[in-house]
Amino acid sequence: MSDPGANGALIRARGLTRVYEDRTSVPVRALAGVDLDIRSGEFTAVAGPSGSGKTTLLNVISGLDRPTEGSVAIDGRDISELSRAALADFRLHNVGFVFQAFNLIPVLSAAENAEFTLLMQGVPAPERHRRTREMLVQLGVGPEMHDRRPSELSGGQQQRVAVARALVSNPRLVLADEPTANLDSTTGSRLLDTMREMNERTGITFLFSTHDPMVMERARRLISLRDGAIDSDEHRA
Amino acid sequence: MLFTIAWRNVGRNRRRSAVLAGAVGFGMLAFIGSTAFMDGIGIEFVAGAVDLQGGHVQVAGTGYSSNPTIETRIADPDSVLAVVSALPAASAAPEVVTPGMANSTEQSGGIVIHGVDPVREARVTVLSDRVVEGGWLEGGGEATQVVVGAGLAHRLRVGLGEKIVLMASDLDNEVSAGAYRITGIYESGSTSFDKINVYILLGEAQRLLGFDDGVSTVTIRLELPDESVPVARQVTAALADQGIEALTWEERNPMLEMAKKAYDFSAIITALILFAAVGFTLVNSFLMVIFERIHELGIMLAQGVKPAYIRRMLFLEAAIVSVLGGIVGILLSVGVLAYWIRNGMDLSGFAEGLGAFGVSTIIYPYLDWSHLGMGFGIIIVMVALSVLYPAIKASRFEAVEAINHV
Ligand SMILES: Nc1ncnc2c1ncn2[C@@H]1O[C@H](COP(=O)(O)OP(=O)(O)OP(=O)(O)O)[C@@H](O)[C@H]1O
Ligand SMILES: [Mg+2]
């Protein structure tokens, strides 16, 4: 994939504010004026205590949620102007998702789950199968597991399948909200190692949230959130 | 893949899917059963109007059908028979018909006397085959033979070989009477028909009423019933100058046609109500289905799956369940109806109303295969309608909220 954003920012967020208004309780300011640039190819962790706004930030960046104020541009394109359907299409072609748990469609096998995005994109079956199986193997999901249903896989294996699904369509960006939260520390760290390896090999940009120090350690850039604002932002080797 | 997902989703909660399929199957059974039954009644209606008397086309003096008096007659039946003999695949029988009285030594009652040509009559009505005691009229036999229905024999308390007196008004309005010996007793299948219709020889009836060679009607039976209308038109055209008209069985029985339509209509309404009930079960189940799967639907939506895809998936799931149910319903229907199709269903206990139309009280349900297609058509429409609301609801979920819902 060509990479026009290599020198500019892939994600450019300005003044992101998200206020949850609930008729029954006081409004919650989950994001309070976040400015953030993420370059193509970064491997960035968003850390912060529970309730600091990590999930909200990722949702707003991916277009799953809309900011109350501020803007998000991806590849210079302001996604706040897109309609719901256009956003869905945008996500299909540009964003891979890994959620905390239960990422997979229970009635589909590991391989079928992993190829789901490609299916939705209309990639022909032979190419779909080939790319999916290769990706699964690269992520350490051996062929013997390809035909198993999610319920027959361990939590770590399920997350690897989810990462395979997110990566196989070569998106601009993979967003992972606490991908390791349901895994033990060792398994979580290994998943992160694999993700980083894929980031290095493919150049796909990763943005993930965590509050696990072992996971933070593996990030090349660490953004800390506190009360919906960026508290610190450090780049590492 | 869409089909694979839908198919596997159906298998996810087998018991619920089975219950749903059962509901659809039951609806199908009810639909096929009621239409088969109504078609059976319809066939009996036709049989009552065609097979027992009147045939597919009845030729008579103009106005006879609405006011059947003995004065309205066909003076020269041979000319009618000549016209009919030129038609392909048609049989005709001349007949004298008059209201009258039958008296035994103990009882009397109002009847309709039919004077028929035994051989020709046997070709146009089924009565000669329905004789259960004795035999049908014999052309060369004694002039005073009479064949009566079992119901009338019972009412008059007479049996085979016994004598009854038949009376009728002749053309001069004089009472004319004769004694006849019962040589045959029939059971037509319609109890009310059996109570009032007696058969004597044509010549004997002509003599009784002072008809000379005239007859009341000529009954035409066709090998192709669908030809009734053109045949009637043709015969009328050929004989109109003699004051004669030919009417199809439908024209002679407008009430029958209406009754048949009313029965059909009620069958369809019943089926629709049933299918609507099944439809609401479907709506309810699919609302449950989408709330159970809200998290995974959220994951799909987050990835950029189109809401239309989710709608199609749910529709397909409902369609799979319903088609399976429909097939079960058809098998069930065939199984349940097979016995009655073979042996008939005896409604004599509660079908006096049918008897009034000259309809047999034994109904043979009739499986019209086009109704299976119609049943499936209704199922597809019903599924589409009942999945519409849950599917729209599912495709409107906000991905974020759906994912958070565990
Ligand atoms: N749908 C919502 N309605 C109201 N308030 C919300 C909603 N979602 C999140 N919040 C609030 O917004 C704030 C930020 O929530 P968010 O989920 O982004 O935090 P987080 O950093 O992801 O936390 P965690 O580590 O627990 O996942 C919290 O105070 C939370 O209570
Ligand atoms: Mg969170």
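Residues numbered from 1 in each chain as written. Chains lettered and ligands numbered in written order. Predicted model: local features only at pLDDT ≥ 70, side-chain atom pairs only at ≥ 80, totals over all residues. Heavy atoms only, no water.

**Focus on the site of ligand 1**
Residue and element names in this part refer to chain A.
Moving on, step 1. Every one of the 13 residues lining ligand 1 counts as a neighbour, but S50, G51, K54, T55 and T56 are closest to it.
Moving on, step 2. Contacts to ligand 1 include G53, whose backbone N or O atom sits 3.0 Å from an oxygen atom.
Moving on, step 3. A distance of 3.2 Å is found between an oxygen atom of ligand 1 and a side-chain nitrogen or oxygen belonging to E178.
Moving on, step 4. Contact with the protein chains hides 63% of the accessible area of ligand 1, taken as 630 Å² for the molecule alone.
Moving on, step 5. Elements that contribute at least two residues to the shell around ligand 1 include exactly β2 (28-39) and α1 (54-62). (Near = heavy atom within 4 Å. Polar contact = N/O pair within 3.5 Å; in protein donor to acceptor, adjacent residues only side chain to side chain. Areas by Shrake-Rupley, 256 points an atom, 1.4 Å probe, with all protein chains shown as cover. Helix = DSSP H or I, 4+ residues; strand = E, 2+ residues; numbered from the N terminus.)

**Some thoughts on the packing of helix α2 (residues 14-50) of chain B against helix α14 (residues 369-396) of chain B**
All names here are of chain B.
Moving on, step 1. Put simply, α2 and α14 touch, their axes get as near as 10 Å, and they point 140° apart. In this structure, the crossing between α2 and α14 has a hand that is right-handed. The residues of α14 that touch α2, namely those facing V24, M28, F31, I32, T35 and D39, are H371, L372, M374, G375, F376, I378, I379 and M382.
Moving on, step 2. A per-class count over the contact of α2 with α14 returns 10 nonpolar, three polar and one charged. (Axes fitted to C-alpha atoms, helices over the stretch in contact; angles between N-to-C directions. Left-handed = near helix turned anticlockwise from the far one by under 90°. Contact = heavy atoms within 4.5 Å. Nonpolar A, V, L, I, M, F, W, Y, C, P; charged D, E, K, R; others polar.)

**Focus on empty space enclosed by the protein**
Moving on, step 1. Enumeration according to the criterion identifies three cavities of 30 Å³ or more in this entry.
Moving on, step 2. The volume enclosed by the largest cavity comes to roughly 60 Å³.
Moving on, step 3. Lining the largest cavity are V95, G96, F97, T117, R165, A166 and S169 of chain A together with Q303 of chain B.
Moving on, step 4. Of all the secondary structure elements, the ones that give two or more residues to the lining of the largest cavity are β6 (95-98) and α6 (155-168) of chain A.
Moving on, step 5. Looking at which element gives the most residues to the lining of the largest cavity, the answer is β6 of chain A, with three residues.
Moving on, step 6. Considered class by class, the residues forming the lining of the largest cavity number three nonpolar, four polar and one charged. (1 Å grid on protein atoms, 1.4 Å probe; cavity = no way out; pocket = protein on both sides within 12 Å on 5 of 7 lines; lining within 4 Å. Points joined across faces, edges and corners; volume = space filled by probe spheres on them.)

**Some details on the layout of surface pockets**
Moving on, step 1. Within this model, the second largest pocket holds a volume of roughly 640 Å³.
Moving on, step 2. Lining the second largest pocket are 31 residues; nearest its centre among them are L64 and D65 of chain A together with E398, A399 and V400 of chain B.
Moving on, step 3. Listed by contribution, the elements that provide at least two residues to the lining of the second largest pocket are β1 (9-20), α1 and α2 (84-94) of chain A together with α14 and α15 (399-404) of chain B.
Moving on, step 4. A total of five residues in the lining of the second largest pocket trace back to one element, the largest contributor, which is α2 of chain A.

**Let's talk about the sheet that holds β1 of chain A**
Moving on, step 1. Strand order in the open sheet formed by four strands is β2-β1-β4-β5 (chain A), with antiparallel pairing between adjacent strands. Strands with a single pairing partner mark the edges of an open sheet, and in this sheet they are β2 and β5 (77-78) of chain A. (Pairing = 2+ DSSP bridges.)

**Quick notes on the domain arrangement of chain B**
Moving on, step 1. Looking at chain B, the domain boundaries give domain 1 (2-49 + 256-403) and domain 2 (63-242).
Moving on, step 2. Summarising the inter-unit geometry, the C-alpha centres of domain 1 of chain B and domain 2 of chain B are found 48 Å apart. (Domains from an automatic or database assignment.)

**Overview of the pattern of salt bridges**
Moving on, step 1. For the structure shown, the criterion picks out 23 salt bridges over all chains.
Moving on, step 2. Among the ionic pairs, R130 of chain A bridges to E134 of chain A, the shortest N-O distance being 3.6 Å. Here R130 of chain A pairs with E134 of chain A, and both are found in helix α5 (residues 125-138), just four residues apart, close to one helical turn.
Moving on, step 3. In this structure R130 of chain A comes out as partly exposed when scored by relative accessible area, which is 44%.
Moving on, step 4. A salt bridge links R221 of chain B to D51 of chain B, with the shortest nitrogen-to-oxygen separation between them at 3.1 Å. Here D51 of chain B lies in the loop between α2 and β1 (57-61) and R221 of chain B lies in strand β9 (residues 217-222), a separation of 170 residues in the sequence.
Moving on, step 5. The class for R221 of chain B is partly exposed, based on a relative accessible area of 25%.
Moving on, step 6. Connected through shared salt-bridge partners, E42, R221 and D233 of chain A make up one network. (Salt bridge = Lys/Arg side-chain N within 4 Å of Asp/Glu carboxyl O. Buried < 20%, exposed > 50% of the residue type's maximum accessible area, 1.4 Å probe, protein only.)

**Thoughts on the confidence of the model for chain A**
Residues and elements named next belong to chain A.
Moving on, step 1. Taken over all residues, the pLDDT of chain A has a mean of 89, while the share at 70 or more is 97%.
Moving on, step 2. Ranking the elements of chain A by mean pLDDT puts helix α8 (residues 213-217) last with 86 and strand β3 (residues 43-47) first with 95.
Moving on, step 3. A low-confidence stretch, residues 1-6 stays under pLDDT 50, and its non-local contacts, those more than four residues away or across chains, total 11 contacts. (pLDDT = per-residue confidence, 0-100.)

**What about the sheet that holds strand β9 (residues 221-226) of chain A?**
Residue and element names in this part refer to chain A.
Moving on, step 1. Spatially, the six strands line up as an open sheet ordered β6-β7-β8-β3-β9-β10, and their pairing is mixed. For this open sheet the edge positions go to β6 and β10 (229-235), each flanked by a neighbour on one side alone. Averaged over all adjacent pairs, the angle separating strand axes in this sheet is 15°, with direction ignored.
Moving on, step 2. Relative to the sheet, α1 contacts β3, β6, β7 (173-177), β8 (205-209) and β9, its axis offset from that of β7 by approximately 155°.

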